[in-house]
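Here are the chains, one letter per residue:
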Amino acid sequence: MEKICIKGMNHEELQTLCIEAGETKFRGGQLFEWLYRHGISSFDSMSNINKSFREHLNEHFILHTLTVENSLPSEEDKSVKILFRTRDDHFIETVSMVENNRHTVCLSSQAGCVLDCHFCATGKLGLKRNLSTGEIVDQLIYVRENTDQPITNVVFMGMGEPFHNYDNVLNASDIFHSPKGFNLASTRITISTAGLLPQINKYIKEKRRYKLAISLNASNDKVRTKIMPINKKWSINDLIKSGKEYSNQKKRLIMFEYVLLKGINDSEEDALELARLLQGIPCKINLIPYNEIEGKYQRPDEATITKFSEILHNYRDEYRVLVRWSKGQDIAAGCGQLAGQKK
Ligand code: SAH
């Protein structure tokens, strides 16, 4: 009989598993804590679980979903890029970034991606498959085990489109948030989407509490469609309308990401158009200077980036603007540089 993966199961699923094995429901909670709070690497470490049940688990369940192929520390800052191999031989990457007391882990939600945003390295791979909840959780367990610095933030900004893998991303987030799991506040978990409108609306309707970021990347549909084919399906106005709804509902600001691409979306007119577009929308704007990968796009020079940000700042409004310089540039660990390549 083929073994089932236990990593990624939630509280209820673990309770059911226990009952089916003739154990009490209570054991499910114990398993949850062993799996996620302690991140055990062997069923035999579960000291309050009887031996025969541990044997049963060993016989029927798999604990590990990923193996580490490579762990690459940056020489410029305290970031580390980890390359994992899945059990069916796909490669995914995770980035750990430490700055002062903040330790942010950037997780992948898919091997590859179907979206084909033209500036993104992951987009060039095409979609291999969605990651399971266990594979998402195992990325974080690995980082937690291999750094001294406690993890303070999780962002779904690695490989893939999180909202194409909605259920697994949210199940994993629930495990990260659970006091018996990773105990991270909901405001410390951010899900970033290229703009899948039905899933954004579902997310709002379900009153999910994690932070939401939408990758806008342009101030009009013409430019956005050129760089992000998904825009043919759901336009900027649709996204902004939903973003506004999110901000209003949760008293939690929607974040709009905007990758600055030289000569494409970085002019003073673009900045003004963006300012007007987001006027009256309570939101945060994250400007991301482009991280170059193979291809035709380039990062604007610093003066252009500063000017763009100043124009937004000066256009007095409700939003907050931040320029986000990606970490781990020397190890190609920046936003959009993850290609899961085994070098
Ligand atoms: N698919 C999701 C999450 C992954 S990308 C999304 O699109 O939001 C995370 C962020 O990195 C997005 O805002 C994306 O626009 C940005 N990005 C992609 N490639 C980039 C690159 N080469 N340089 C800088 N940012 C990039």
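Quantities reported herein were computed from a predicted structural model and do not represent experimental measurements.

Quick look at the domain arrangement of the protein now. What the domain assignment reports for the protein is domain 1 (4-62) and domain 2 (66-331). With centres defined by C-alpha atoms, the gap from domain 1 to domain 2 works out at 33 Å. At the interface, eleven residues of domain 1 touch 14 residues of domain 2. Summed over both partners, the interface of domain 1 with domain 2 comes to about 1,000 Å²; 57% of that surface belongs to carbon and sulfur atoms. Three residues, Lys7, Tyr36 and Arg37, lead the burial of domain 1 against domain 2; their summed loss comes to 44% of the area buried on that side. Across the domain 1-domain 2 interface, the total number found is two salt bridges. Residues Lys180 and Glu33 are paired through a salt bridge, measuring 3.7 Å at the closest nitrogen-oxygen approach. Linking domain 1 with domain 2 are four residue pairs in polar contact (both at pLDDT 80 or more), by the criterion used here.

As a further point, take the sheet that holds strand E5 (residues 91-99). Strand pairing in a sheet is mediated by backbone hydrogen bonds. Such pairs are either parallel or antiparallel. Taken together, ten strands build an open sheet; the order of strands is E3-E4-E5-E6-E9-E10-E11-E12-E13-E14 and the sheet is mixed. The open sheet has two edge strands, strand E3 (66-73) and strand E14 (320-323), and neither has a second partner. Recorded for the sheet is a direction-independent mean angle of 20° between the axes of neighbouring strands. Pairing between E5 and strand E6 (residues 102-106): five bridges, direction antiparallel. When the sheet's bridge partners are listed, Ser96 is paired in E6 with Val105. Where helix H5 (residues 166-177) meets the sheet, it contacts strand E9 (153-156) and strand E10 (189-193), and its direction lies at approximately 165° from that of E10.

The next thing to look at is empty space enclosed by the protein. In total, this model carries one cavity of 30 Å³ or more according to the counting rule given. Each pocket or cavity is described by its volume, and for the largest cavity that value is around 460 Å³. Forming the boundary of the largest cavity are 31 residues, of which Phe119, Cys120, Met157, Ser215 and Gly336 lie nearest the centre. If you list the elements that add at least two residues to the lining of the largest cavity, you get E10, strand E12 (254-260) and strand E13 (283-289).

Around the ligand sit 20 residues in total, of which Ser192, Ser215, Tyr290, Asn291 and Cys335 are the nearest. In this structure, Glu161 approaches the ligand through a side-chain N or O atom, which is 3.1 Å from a nitrogen atom. One of the backbone N or O atoms of Asn291 is found 2.9 Å from a nitrogen atom in the ligand. For the ligand, whose accessible area on its own is 540 Å², the fraction buried by protein is 97%. Of all the secondary structure elements, the ones that give two or more residues to the shell around the ligand are E10 and E12. The residue inventory of the shell around the ligand, partitioned by class, reads ten nonpolar, eight polar and two charged.

What counts and how
Residues numbered from 1 in each chain as written. Predicted model: local features only at pLDDT ≥ 70, side-chain atom pairs only at ≥ 80, totals over all residues. Heavy atoms only, no water. Domains from an automatic or database assignment. Contact = heavy atoms within 4.5 Å. Buried area = accessible area lost by both parts, 1.4 Å probe. Salt bridge = Lys/Arg side-chain N within 4 Å of Asp/Glu carboxyl O. Polar contact = N/O pair within 3.5 Å; in protein donor to acceptor, adjacent residues only side chain to side chain. Pairing = 2+ DSSP bridges. Helix = DSSP H or I, 4+ residues; strand = E, 2+ residues; numbered from the N terminus. Axes fitted to C-alpha atoms, helices over the stretch in contact; angles between N-to-C directions. 1 Å grid on protein atoms, 1.4 Å probe; cavity = no way out; pocket = protein on both sides within 12 Å on 5 of 7 lines; lining within 4 Å. Points joined across faces, edges and corners; volume = space filled by probe spheres on them. Near = heavy atom within 4 Å. Areas by Shrake-Rupley, 256 points an atom, 1.4 Å probe, with all protein chains shown as cover. Nonpolar A, V, L, I, M, F, W, Y, C, P; charged D, E, K, R; others polar.

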